[in-house]
Amino acid sequence: MKTAAPTNVHLVLRVNGEEQQVSFAPYKTLLEVLREDMNLTGTKHGCELGECGACAVLVEGVPVLSCLALALDCEGRAIETVEGLASGGKLHPLQAAFADLGGAQCGYCTPGILMTAKALLEREPNPSRERIKEAISGNLCRCTGYQQIYESIEEAARTIQQGSKR
Amino acid sequence: MTKRFDVIGKPRRRVDGRAKVTGLTRFADDVMLPRMLHCKLLRSAHPHATIESIDVSRAQARPGVHLVLTGKDFPVTFGILPVTQDEYPLAPERVRYVGEPVAAIIARDEQTAFEALDLIDVQYRPLKTISDPKEALATPEPRIHSYGEQGNIHRLQALEFGDVNEALARADHVFEDLFFYEGNTHLPIEQHASVAAVDGEGKLTLWSSTQVPHYIHRALANALQIPPAHVRVIACPNGGGFGGKCDLHNHEIVVSKAAILLGRPVKICLTREEVFYMHRGRHPVLMRMRTGVTKDGKITGMHTQTLLDGGAYGGYGAASTFYTGVLQTVTYEIPRYKFDACRTFTNKPPCGPKRGHGTPQPRFGQEVQLDRIAEKLEIDPAELRLSIVAKPNTLTANWLKIGTIGLAECIRKVVASSDWKNKFRKLPEGRGVGLACGAYLCGAGLPIYWNKMPQSGVQLLIDRSGQVTVFCGATEIGQGSDDVLAAIVAEVLGIDAYDVRCVTGDTGLTPVDLGSYSSRVTVMMGNAAIQAAERLRELIARAAAEHMETLPENVGFAQGRVFRADDPGKPMSFREAIVLAEEKFGTLGSVGSYSPPRAPGRYKGAGVGPSPAYSYTACVVEAEVDRNTGWITVPKVWIAHDIGRAVNPVSARGQVEGSVYMGLGEALMEEQVFRRLPPKLSNALVHKIPSLLEYKSLTSLDMPEVFTELVEDPDPNCPFGAKEVGQGPLLPVMPAVANAVYDAIGVRIDELPITPDKVLAALEKKAKGETPRVGPESFPDVPYPEPMLVPPPWEGGDGNSVNTPRRRPVKKEALA
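Bear in mind that the values here come from a model prediction, so they are computed numbers and not experimental data.

Here we look at helix H5 (residues 147–165) of chain A
Between the first and last C-alpha of H5 of chain A there are 27 Å, a value that for 19 residues agrees with the 27 Å anticipated at 1.5 Å per step. For H5 of chain A, the full list of buried residues reads Gln147, Gln148, Ile149, Tyr150, Ser152, Ile153, Glu154, Ala156 and Ala157 of chain A. Of the surrounding secondary structure, the elements contacted by the buried residues of H5 of chain A are helix H2 (93–101), helix H3 (110–123) and helix H4 (129–135) of chain A together with helix H17 (649–668) and strand S30 (705–711) of chain B.

This is how it looks when you write it as structure tokens:
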């Protein structure tokens, strides 16, 4: 039986604005490469089948389920993960709001929801409650019942808007 | 209590909030160690079979495979309860459900391990499979286990508190109803993961997604036959638990053994499908409830019978069996109560504790039946409940001690906020409201293994830097236990919660706490934390008093300052006070511990049900039912929870709303169900829907608005009066949905989940003039034993039984 491991690919991934050389088996998903080869364990997994949304990251600003994306396909594209949300020690308004208002309970679905919400607010700075519900409908959360997540996103939207007015 | 609090009761960012939003919380699968290997389990595709042979030679020869383990490597059985040591880490000669692990591959990476699974050859000889309790009762042979009551009955219980038949005979009305509650599963978004490693001293460390590190520590040491002192279990913060991470799981033992044998770290992370098959979730329960009432709605007596589908192993099932009956009495005045329960083995993944552990099922039945009673007696369901709410500081018929009870206030609140009086039976056809209540433990009174030691311990260290570190075995599963711990210590010491460092859930470092289950953490850990913090404060006060030339009793602590209470204008900083105390007493530390009060019941079985306090909840659900599709939409839920006191109202509200969410899932869509493959395809009982896509749960688009109110009636047994909030608010949701559906379209769905097909079937019956009901039609003949007779407190009892019922034998023919 043939058992040779597939030859690794070597390429540069641009994650959170930093370019990094990575070497990995070509079948690996973006999720696996982020977590296992780049030690970016902030991105989570709940199914590896594209069903729960826990692994959502942004690729060129668009939420992508990293468990369904081949890392190979992401070469040269801008990838954003939860690790890149804060600027230095300062939390992103979404992070601050989720922490303050109960948007994160166990915190496991949180990175995926934060990234999805970031994409939403960049597209629509002042989304309605209905738009928020639609945007995160692919992210399952078993803890919160979603209400405090909506409120966190709304609070972050207000903070960002106030910040940009200043 | 007039004292104002600085930390308790204030809405705050939880102390671990920042870690959770930055991706820094380290869950078990985030633990990556040098030289780490990866484990995969081969699981049985047969629901019931003997293993004729296992050949692992091809797998062993595969490059990259370091170790293959099978049942012969694990001679010792395990089980989370001392009374049910019925599982093997890897099944040696017999499998009892699809998904039971039979072999393990440890390889250089997950992919290699996964591929090597196919190289293991297992020969099975299929046995007759048992799919549900009725089949289990009718099929005493082959026995799934050689232990248990008889045949395929795992447990039988029968308890009678006063003569219930007599109580029903003198009732004006007796209601008898059958209900069925389908099983469902926890579905934490985090799949279970574990990493085991041997440290430099040759001792084992296990990082795991577990809610109960102490129990795992004990059981793991026993399963591996190594001294507990050489085992350290670290409960990583759980990505949701809900009861699904309370058992010692096969994979935890397997990776531990592999790490010991290989001298290298070994990790496993289950796939989502494996999590479904591992289960340990809500038992499917068939129920018969007989309740006698007077014409003005007072209950004269109640008889609850339950039949549980336990799945293939014991697990927590002995406790679950009791919980399908024992808490029926703490909500309303029930002068006489009888409870029969039976748990059967079936060839399905084992059931166990899920949020509410055994109590949501009978609660559903009780609250739907009360809705029927109210209608028959022409009393408003809210008024009926208000007139029978249990009284504070009383004993129940089954000798449970109720302390504070804020239920009446909860009912009044949801009646007002939901505009109940203008909606009930008044909304247009197709729309309706339903009301229900619930009650839950604030911690199980007894640990799962018999001992007289504390159930929670807290240790405090404090040094001249002003740093306060609190150690406790309690486990953060998302509910905010670290935040409760920090808040309580901070409140007592007069400092900021964020100045307290929490070290929790690590059996190598932290004092024993029994774990995050039975809603015990706030009360038990909280009381231990108060004791530890007060002891430390006493030392600091004595040192500061000397310096301030006053008495220790006159030293105040608040907002990071220590001051003379009679002259607060000249405070010293908390840190300055610590230095004084360290000068006077040497290195500073303290411990605190907590044991619940002894319960008054003395009969055998009285250990399940007692709690230091009970929480109460009332809920109104509004429902819209589409008569053409049977689809139920819930636009809004109003819920009020008697929490005693909210330690952090942000987290408390989150627990209530999360409970509503999970309750609506159980009411409307979630079900852990199995189907039998055709005989030519093995006849196996396989999970119908082992994926997150097909196992339906509410998404953000389905979740209604929830209006949450907290009723704060501080309970003297609880820290700062704080009761539980993690489980109780789930309980009334399911029956409130069922009652709302009845109000909307006049049909009774006595079976959960209430899916559109059942609604349509009931509407069809209604249209034909038949009884507009869908639910169980019969209750099988269960060989419940003679009941143990325990007179209730008001009938002269002392909490002991007055008979010694013969439990066995029941003749085998009775089962046929």
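Looking at unusual backbone geometry
Here the bond from glutamate 141 of chain B into proline 142 of chain B is cis, since omega is -5°, no more than 30 degrees from zero. Looking at the secondary structure, you find proline 142 of chain B in the loop between helix H4 (133–138) and strand S7 (153–161). Proline 753 of chain B follows leucine 752 of chain B through a cis peptide bond whose omega is -5°. In this fold, proline 753 of chain B is placed in the loop between strand S32 (751–752) and helix H19 (756–767). Phi is positive for asparagine 39 of chain A, which is not a glycine, with a value near 60°. With relative accessibility at 56%, the residue asparagine 39 of chain A sits in the exposed group.

As for the domain arrangement of chain A
Residues and elements named next belong to chain A. Partitioning chain A into structural domains gives domain 1 (9–84) and domain 2 (93–165). Just the C-alpha atoms count here: the centres of domain 1 and domain 2 sit 21 Å apart. At the interface, 15 residues of domain 1 touch twelve residues of domain 2. Overall, the association of domain 1 and domain 2 removes approximately 1100 Å² of surface from exposure, summing both partners, and the carbon and sulfur fraction of that is 61%. When the buried surface of domain 1 facing domain 2 is broken down by residue, Lys44, Leu58 and Val82 rank first, second and third, together holding 35% of it. The interface formed by domain 1 and domain 2 contains one salt bridge. Ionic pairing is found between lysine 118 and glutamate 80, a salt bridge with its closest N-O pair at 2.4 Å. For the side of domain 1 that touches domain 2, the element with the most residues is strand S3 (residues 56–59), which contributes three residues.

Thoughts on the sheet that holds strand S22 (residues 555–558) of chain B
All names here are of chain B. Spatially, three strands are ordered S22-S23-S24 in an open sheet, and the strand pairing comes out antiparallel. One side of each edge strand has no neighbouring strand; the edge strands of this open sheet are S22 and strand S24 (567–573). Here the strands of the sheet are splayed against their neighbours by 35° on average, with no regard to which way each runs. Note that S22 and strand S23 (residues 561–564) share four bridges and pair antiparallel. Among the inter-strand pairings, phenylalanine 557 is bridged to a residue of S23, identified as valine 562. Together, S22, S23 and S24 form the strand contacts of helix H16 (residues 574–585), whose direction differs from that of S24 by roughly 70°.

What counts, and where the lines are drawn
- Residues numbered from 1 in each chain as written.
- Chains lettered and ligands numbered in written order.
- Predicted model: local features only at pLDDT ≥ 70, side-chain atom pairs only at ≥ 80, totals over all residues.
- Heavy atoms only, no water.
- Helix = DSSP H or I, 4+ residues; strand = E, 2+ residues; numbered from the N terminus.
- Expected span 1.5 Å × (residues − 1).
- Buried < 20%, exposed > 50% of the residue type's maximum accessible area, 1.4 Å probe, protein only.
- Contact = heavy atoms within 4.5 Å.
- Domains from an automatic or database assignment.
- Buried area = accessible area lost by both parts, 1.4 Å probe.
- Salt bridge = Lys/Arg side-chain N within 4 Å of Asp/Glu carboxyl O.
- Pairing = 2+ DSSP bridges.
- Axes fitted to C-alpha atoms, helices over the stretch in contact; angles between N-to-C directions.

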